[in-house]
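One letter stands for each residue in the lines below.
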Amino acid sequence: MFVKVLRRVLSITLILSVLIIAAVLVFFRGTAMDVLQVDGILTPGIVDRNLYLFDYLQYFMYLLQNQFRDAALVVMIAYYIIIFSFIVTFSILFFAAQRAYKNHKKQREYENLKEKYRQKVYDIITSPELISPITILRDLELEDAKMTTKQQDVWVRMMVNVRASLPLEQVTETTTKNINALGDALNLSLYLVRTMRTGTLVEKKIAIESFTFLGIFGQFGVLARELNAQDFGLNKRARIFTARNSSNDSLNYLEPIFRESFNKIDAIKIFEIYQQRHDEGNPMPNFLSIISDKLSPWAQAALVYMHGYWCEESELKQIWPYLDSMEEEVRLQVVEALAFRRQNSAEKLLIDRFDKETKSIRITIMLAIFKLGSGRAQNFFLHCYQHADDNQLRTLALSALYGYNEESRQIYEKLKLASEQKEDFPDRGIDMEENDNLQDIPL
């Protein structure tokens, strides 16, 4: 990519250099001719013939030589550097303007296409029934249309836009099949494969992202060589796509991702992969088997959470020891997982951890105990209120007391009656739907 850009910049620089020099010569033609005649450089009669571009270039060089003939060498060098910088600057500006124009034109084509077809594409993708490629072409009135590569690129962008607008629970097997039918009808799958084979590194990454996000089937052959790509970004995308579509143990493909530059976006993508595999009835791997201290906190936290999220009830206790982890994010995800699975047997464990934890984990523990709803934790929430060291913890504890059960409500009323600052007491309990501390997707 860099070589291609450099080659283009140099080409434009050469063209602009010629144009600028020609313009300067035309502007200074009289001056140049006078100087050259005074110095006796021109031979008699030369000014009477027609002058060509080479003559102007020659005269320009004579002008520079005459002007700086007696100047110091450093002055001549500085002047040439200024001229060169001037040319390069205008070349870069020209290239940037050209690129901006192309991007604007491409965006305009995309907006026009979206305005005309987006609703139809949305209806096709979200249809509860399977739609054939022939029917799709007829509905879009594109039976005889022949698309260029640029048009196919714009169509892929629009499909990604439509897919991104769908909630995760609305993406069903029928949705994925209709997306594939639309891709086959418009030859978008072949376009993405061709991009994977011949595109630049950035284009390949975008193509794999499109494959993965849209859930397009197959194409393992063209992606197999990218599983060992030297560029880790491309390697990562290929592994995520393969794991999503492979019937084998997908954790084998994903394990290198956990070991290298793992981040929150990776966690969400991998969570969605296993959510899909779980919904399809595939067995879940043992995520704890690849945890080690060499993994980043994000990677350890994601693995712990996914194990707690999908493991059998009898295996849930396997994540308890990770409450002693040195990493705060790992401990936080253990609490999240236990709350999601509503494991009441872990309530005492969480209560015992409360006073030892950081503020963010104490908030999460309070929410988790409230969500477990065993009916036995009213004294815990009173303890949280009495030992709260800031207003956020105190208000959350009061909200828990207000809404936990009848006994906790009586404790709340007594505290409010004895308090001189009754306006600080909330008049409702914790709304778990409004609170975003406990998530169904990790991290």
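Up top you'll find the structure we're talking about.
Residues numbered from 1 in each chain as written. Predicted model: local features only at pLDDT ≥ 70, side-chain atom pairs only at ≥ 80, totals over all residues. Heavy atoms only, no water.

Caption draft 1: Fine view of the environment of Leu 295. You can see Leu 295 is positioned in the loop between α13 (264-279) and α14 (297-310). Dropping the residues within four chain positions of it, Leu 295 is found in contact with Phe 258, Arg 259, Ile 290, Gln 300 and Leu 303. (Helix = DSSP H or I, 4+ residues; strand = E, 2+ residues; numbered from the N terminus. Contact = heavy atoms within 4.5 Å.)

Caption draft 2: Fine view of the packing of helix α11 (residues 232-245) against helix α12 (residues 250-259). Running from N to C, α11 and α12 point in directions that differ by 160°, and their axes come no closer than 9 Å. Put simply, α11 runs roughly antiparallel to α12. Considering how the two elements wind past one another, α11 and α12 form a crossing that is left-handed. Residue-level contacts link Phe 232, Lys 236, Arg 239, Ile 240, Thr 242 and Ala 243 of α11 to Ser 250, Asn 252, Tyr 253, Leu 254, Pro 256 and Ile 257 of α12. A breakdown of the residues in the contact of α11 with α12 according to their chemical character gives seven nonpolar, three polar and two charged. (Axes fitted to C-alpha atoms, helices over the stretch in contact; angles between N-to-C directions. Parallel < 35°, antiparallel > 145°, perpendicular 65-115°, else oblique. Left-handed = near helix turned anticlockwise from the far one by under 90°. Nonpolar A, V, L, I, M, F, W, Y, C, P; charged D, E, K, R; others polar.)

Caption draft 3: Structural view of unusual backbone geometry. For Asn 187, which is not a glycine, the phi torsion comes out positive at approximately 60°. Secondary-structure assignment places Asn 187 in the loop between α7 (173-185) and α8 (188-198). A positive phi is found at Arg 342, a non-glycine position, where the angle reads about 50°. With respect to the element layout, Arg 342 can be found in the loop between α15 (328-341) and α16 (347-353). For Arg 342, a relative accessible area of 46% translates into the label partly exposed. (Buried < 20%, exposed > 50% of the residue type's maximum accessible area, 1.4 Å probe, protein only.)

Caption draft 4: Broad picture of the packing of α8 against helix α9 (residues 201-214). Where α8 contacts α9, the axes come no closer than 8 Å and their chain directions differ by 145°. Judged by the sense of rotation from one axis to the other, the crossing of α8 with α9 is left-handed. Together, Ser 189, Leu 192, Val 193, Thr 195, Met 196 and Arg 197 of α8 and Glu 203, Lys 204, Ala 207, Ile 208, Ser 210 and Phe 211 of α9 make up the contact between the two elements. Along the lines of polarity and charge, the residues of the contact of α8 with α9 split into six nonpolar, three polar and three charged.

Caption draft 5: Layout of the packing of aromatic side chains. Applying the stated criterion across every chain yields a total of 17 aromatic pairs. Ring geometry for Tyr 274 against Trp 310: centres 6.4 Å apart, planes inclined by 50°, an arrangement best described as tilted. Pair noted here: Tyr 274 is in helix α13 and Trp 310 is in helix α14, with a separation of 36 residues, a long-range link. A relative accessible area of 9% means that Trp 310 is categorised as buried. Counting every residue linked through ring pairs, the aromatic cluster contains Phe 271, Tyr 274, Phe 287, Tyr 305, Tyr 309, Trp 310 and Phe 340. Its guanidinium or amino end placed over the ring of Tyr 110, Arg 157 lies 4.2 Å from that ring's centre, counting from NZ or CZ. Residue placement shows Arg 409 over the ring face of Tyr 402; its charged tip is 3.8 Å from the ring centre. (Phe/Tyr/Trp six-rings, centres within 6.5 Å; stacked < 30°, edge-to-face > 60°. Lys NZ or Arg CZ within 6 Å of the ring centre and 35° of its normal.)

Caption draft 6: Looking closely at the pattern of salt bridges. Scanning the model with the defined rule gives eleven salt bridges in all. One salt bridge connects Glu 173 with Lys 177, and the closest N-O pair in it is separated by 3.3 Å. Residue Glu 173 and its partner Lys 177 are both found in helix α7; the two are separated by four residues, about one turn of the helix. The salt bridge partner of Asp 389 is Arg 362, with a shortest N-O separation of 3.6 Å. Taken together, the residues Asp 389 in the loop between α18 (378-386) and α19 (391-403) and Arg 362 in helix α17 (residues 359-372) connect sequence positions 27 residues apart. Asp 389 sits in the exposed class, given a relative accessible area of 54%. Here the salt bridges do not stand alone but share partners, grouping Asp 324, Arg 331, Arg 353 and Glu 357 into one network. (Salt bridge = Lys/Arg side-chain N within 4 Å of Asp/Glu carboxyl O.)

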